[in-house]
Amino acid sequence: MNWDDTTDTGADAERLVGAVADREDQAVEAALRPKDLGEFIGQEKVREQLDLVLRAARARGATADHVLLSGAPGLGKTTLSMIIAAEMEAPIRITSGPAIQHAGDLAAILSSLQEGEVLFLDEIHRMSRPAEEMLYMAMEDFRVDVIVGKGPGATAIPLELPPFTLVGATTRAGLLPPPLRDRFGFTAHMEFYEPRELERVVHRSAHLLDVAIEPAGAAEIAGRSRGTPRIANRLLRRVRDYAQVKADGLITREIAHAALAVYEVDERGLDRLDRAVLEALLKLFGGGPVGLSTLAVAVGEERETVEEVAEPFLVREGLLARTPRGRVATPAAWAHLGLSAPRGTAGGAGQQDLFGT
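This text gives an overview of the structure that appears in the document. (Residues numbered from 1 in each chain as written. Predicted model: local features only at pLDDT ≥ 70, side-chain atom pairs only at ≥ 80, totals over all residues. Heavy atoms only, no water.)

1. A few points about the packing of aromatic side chains
Following the criterion strictly, the structure yields one aromatic pair and no others. A ring pair is formed by phenylalanine 142 and phenylalanine 164, whose centres lie 5.5 Å apart and whose planes are at 80°; its orientation type is edge-to-face. Of this pair, phenylalanine 142 sits in the loop between helix H5 (129-141) and strand S4 (143-148) while phenylalanine 164 sits in the loop between strand S5 (155-160) and strand S6 (165-170), and the two are 22 residues apart along the sequence. One Lys or Arg, arginine 226, reaches over the ring of phenylalanine 313 and ends 3.8 Å from the middle of that ring. (Phe/Tyr/Trp six-rings, centres within 6.5 Å; stacked < 30°, edge-to-face > 60°. Helix = DSSP H or I, 4+ residues; strand = E, 2+ residues; numbered from the N terminus. Lys NZ or Arg CZ within 6 Å of the ring centre and 35° of its normal.)

Structure, rendered in structure tokens:
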């Protein structure tokens, strides 16, 4: 359904509930991507606004405004870029910020664009500064200055570009410099999906994959998908495997529950790493506060893995809080693991005990 093609070699790419696409995801997603806005599930406001932008551009016979899409991995940024190209009946060129390390790399791409072509630049915030500065002029004036030679003899040769549409995607919009953000005519933030939207995603993907699934089975998968279509489809494929081997191929609620128990994905979408962090925080440190480095050592992971891979979802789910004194478990964390919070902790006796009053 709605996913990005972002790849990564870090810990998140190896997790069943990781939002970063691996090679298997990319192969499957290519066949499942919606082809137009009508097929795209979720992101209602973004779809409505983008539809107006594209229809107006077509009516004027002009290229669409530059578009900036921000949001977590797996929510549909790459899919929307392809839909923009399809709606404008234009070809699309796909690249990424890390791949553009020099201004010359960007100049080579821009100079080969056709009129009206869509250039999708993933992880645009990771582009080099010289290329970024060249992009300013290209977006605004459809022109770039190519520097020929070095030193005092260097010459700037202006190169005219055909009108094109840049679609930038970023998971960290705050890292984009204001001059670059201001050059986008339309900016959209992709939100996490509601369970009912993910149920529709699972049903559609099951149909395209020729997988038999009951509504309750789809709901079970959607509820553990962390608000992300890419994860929903990955879980669907693993549950499909289980149903084919252990049952008659039909995905029911019971089959989905049993399959995801095998893969250690619980009812809130937490996996082994998430639960290890919570269990260490609760059982070893009484709910905190505890420093990040200490917590990482306790679970046998790198500090960066805990901070960047496990914590964001735990914080979003209200199971963990970051405080100036360290990480603290919330009452919901104690309840989720079926533990009783000791008195005098944030999850136990409440604010009065927490502040010693």
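2. As for the nonpolar core
In this structure, Leu50, Leu80, Ile213, Ile221, Val239 and Ile251 are the most contacted members of the largest nonpolar core, which totals 47 residues. In terms of residue count, helix H9 (residues 229-246) provides more of this core than any other element does, seven residues in total. Core analysis: the next-biggest nonpolar cluster, separate from the first, contains 24 residues, Leu121, Met127, Met134 and Phe164 among them. (Core = buried A, V, L, I, M, F, W, Y, C linked by side-chain atoms within 4.5 Å. Buried < 20%, exposed > 50% of the residue type's maximum accessible area, 1.4 Å probe, protein only.)

3. Details of unusual backbone geometry
Phi angles above zero are rare outside glycine, and glutamate 89 is one such case at about 50°. Its identity is not glycine, yet glutamate 123 carries a phi of approximately 45°, on the positive side.

4. Concerning the pattern of salt bridges
According to the stated counting rule, one finds 17 salt bridges in the structure shown. Here glutamate 44 and arginine 47 are joined by a salt bridge, their closest N and O atoms 2.5 Å apart. In this pair, glutamate 44 and arginine 47 are both assigned in helix H2 (residues 44-60), three residues apart and thus about one turn of the helix distant. For glutamate 311, the salt bridge goes to arginine 327, with nearest N and O atoms at 2.6 Å. Placement of glutamate 311 in helix H13 (residues 303-316) and of arginine 327 in strand S9 (residues 326-329) is noted, with a sequence separation of 16 residues between them. Here the salt bridges share partners, and the residues they tie into one network are Glu220, Arg224 and Arg253. (Salt bridge = Lys/Arg side-chain N within 4 Å of Asp/Glu carboxyl O.)

5. As for the sheet that holds strand S1 (residues 67-70)
A sheet is described by the order of its strands in space; here five strands give the open sequence S2-S3-S6-S1-S7, paired in parallel fashion. Where the open sheet ends on each side, the last strands, each with one partner, are strand S2 (92-96) and strand S7 (186-189). On average, adjacent strands in this sheet sit at an angle of 15° to one another, irrespective of strand direction. The pairing of S1 with S7 spans four bridges and is classified as parallel. In the sheet register, leucine 68 faces S7, and the bridge partner there is threonine 187. (Pairing = 2+ DSSP bridges. Axes fitted to C-alpha atoms, helices over the stretch in contact; angles between N-to-C directions.)

6. Regarding the environment of glutamate 194
Mapped onto the secondary structure, glutamate 194 falls in the loop between S7 and helix H7 (195-208). The exposure class assigned to glutamate 194 is exposed, which follows from its relative accessible area of 51%.

7. Quick look at the packing of H7 against helix H8 (residues 215-223)
With their axes 8 Å apart at the nearest point, H7 and H8 run at an angle of 120° to one another. Of the possible angle classes, the one that applies to H7 and H8 is oblique. Seen along the crossing, H7 lies across H8 with a hand that is right-handed. Here Pro195, Leu198, Glu199, Val202 and His203 of H7 come into contact with H8, specifically with Pro215, Ala218, Ala219, Ile221 and Ala222. Across the contact of H7 with H8, the residue classes tally to eight nonpolar, one polar and one charged. (Parallel < 35°, antiparallel > 145°, perpendicular 65-115°, else oblique. Left-handed = near helix turned anticlockwise from the far one by under 90°. Contact = heavy atoms within 4.5 Å. Nonpolar A, V, L, I, M, F, W, Y, C, P; charged D, E, K, R; others polar.)

8. Concerning the environment of arginine 253
Residue position: arginine 253 is located in helix H10 (residues 253-262). Other than its neighbours up to four places away in sequence, arginine 253 contacts Ala216, Gly217, Ala219 and Glu220. Polar side-chain contacts of arginine 253 include one of 3.0 Å to the side chain of glutamate 220. (Polar contact = N/O pair within 3.5 Å; in protein donor to acceptor, adjacent residues only side chain to side chain.)

9. A few points about the side chain of aspartate 274
The residue aspartate 274 is located in helix H11 (residues 272-284) in this model. A relative accessible area of 0% places aspartate 274 in the buried class. For aspartate 274, the side chain forms a polar contact with the side chain of arginine 226, separated by 2.9 Å. Leave out the neighbours within four places in its chain, and aspartate 274 touches Arg15, Arg226, Gly269, Ala310 and Leu314.

10. Some details on H5
For H5, spanning 13 residues, the distance from its first C-alpha to its last is 19 Å, which sits close to the expected 18 Å at 1.5 Å a residue. Here H5 has its buried residues at Ala131, Glu132, Met134, Leu135, Tyr136, Ala138 and Met139. (Expected span 1.5 Å × (residues − 1).)

11. Concerning the packing of H8 against H10
For the pair H8 and H10, the least separation of the axes is 7 Å and the interaxial angle reads 30°. Regarding the angle of H8 to H10, the classification is roughly parallel. For the pair H8 and H10, contact is made by Ala216, Gly217, Ala219, Glu220 and Ile221 and by Arg253, Ala256 and His257, respectively. When grouped by side-chain class, the residues that make up the contact of H8 with H10 number four nonpolar, two polar and two charged.

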